Amino acid sequence: MSVLVLKTPVVLSAHGQQRSLRVIFGLAPTDRQTHVQALSQLLALLQNEELYQRLILADNHDEVHHVLVEATALIS
């Protein structure tokens, strides 16, 4: 999984709606099990408001990594 946390949100417009993106996730699983694991981790992160807020406020790679590790622990 790759994660891009934007300091300045990007605004996308589609179908008359605008959305601000602050976090972009990339998934490139090599097999079904890895894909399910990555999606589970992503859902655990997005459903936990505290972790999500810490992710978007992270200042460096280490902080982002720590939040992702905590999200992984939620599904274990």
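## Brief notes about the overall build of the chain
- From N to C terminus, the chain includes three helices and two strands.
- Ordered by position from N to C terminus, the α and β elements of the chain give β-β-α-α-α.
- If you line up the chain on its principal axes, its C-alpha atoms span 40 × 30 × 20 Å.
- Looking at the chain residue by residue over its 76 residues, the buried ones come to 20%.
- Taking all contacts inside the chain whose residues are at least 6 apart in sequence as the whole, residues at least 24 apart take part in 39%.
- Of the accessible surface of the chain, which amounts to about 5600 Å², a share of 54% is contributed by carbon and sulfur atoms.

## A word on the pairing of strand β2 (residues 17-26)
- In the sheet, strand β1 (residues 2-14) pairs with β2 via nine bridges, with the strands oriented antiparallel. Following the sheet pairing, Val 10 is matched in β2 by Leu 21.
- Where β1 folds back onto β2 in an antiparallel hairpin, the turn is made up of two residues, including His 15, whose phi is positive at roughly 55°.

## What about the pattern of salt bridges?
- Per the stated rule, a full pass over the model turns up three salt bridges.
- The shortest N-O distance in the salt bridge between Lys 7 and Asp 59 comes to 3.3 Å. Here the residue Lys 7 occupies a position in strand β1, and Asp 59 occupies one in the loop between α2 (49-57) and α3 (61-75), the gap between them amounting to 52 residues. In terms of burial, Lys 7 and Asp 59 fall into one category: exposed.
- When salt bridges with common partners are traced through the structure, they connect Glu 50, Arg 54 and Glu 70 into a single cluster.

## Some details on a nonpolar patch on the surface
- The grouping of Met 1, Leu 27 and Leu 39 at the surface amounts to a nonpolar patch, some 230 Å² of accessible area in total.
- Residue position: Leu 39 is located in helix α1 (residues 32-46).

## A closer look at the side chain of Gln 41
- Within the secondary structure, Gln 41 sits in helix α1.
- Given a relative accessible area of 16%, Gln 41 falls into the buried group.
- Not counting the four nearest positions on each side in its chain, Gln 41 is found in contact with Met 1, Leu 68, Ala 71, Thr 72 and Ile 75.

## Details of α1
- With 15 residues, α1 should reach 21 Å at 1.5 Å per residue; the first-to-last C-alpha distance of 21 Å fits that figure.
- By the burial criterion, the buried members of α1 are Ala 38, Gln 41, Leu 42, Ala 44 and Leu 45. Along the axis of α1, the buried positions cluster into a sector of 160°, meaning they face one direction only. Counted as exposed and oriented over 90 degrees from the buried face of α1: Arg 32 and Gln 33.
- Among the structural elements, β2, α2 and α3 are those in contact with the buried residues of α1.
- Sitting at the amino-terminal end of α1 is Asp 31, which places a side-chain oxygen 3.2 Å from the backbone nitrogen of Gln 33.

Scoring rules and cut-offs
Residues numbered from 1 in each chain as written. Predicted model: local features only at pLDDT ≥ 70, side-chain atom pairs only at ≥ 80, totals over all residues. Heavy atoms only, no water. Helix = DSSP H or I, 4+ residues; strand = E, 2+ residues; numbered from the N terminus. Buried < 20%, exposed > 50% of the residue type's maximum accessible area, 1.4 Å probe, protein only. Contact = heavy atoms within 4.5 Å. Areas by Shrake-Rupley, 256 points an atom, 1.4 Å probe, with all protein chains shown as cover. Pairing = 2+ DSSP bridges. Salt bridge = Lys/Arg side-chain N within 4 Å of Asp/Glu carboxyl O. Patch = residues over 30% accessible without salt bridge, like charges linked within 9 Å, V, L, I, M, F, W, Y side chains within 5 Å. Expected span 1.5 Å × (residues − 1). Arc of directions from axis to C-beta. Polar contact = N/O pair within 3.5 Å; in protein donor to acceptor, adjacent residues only side chain to side chain.

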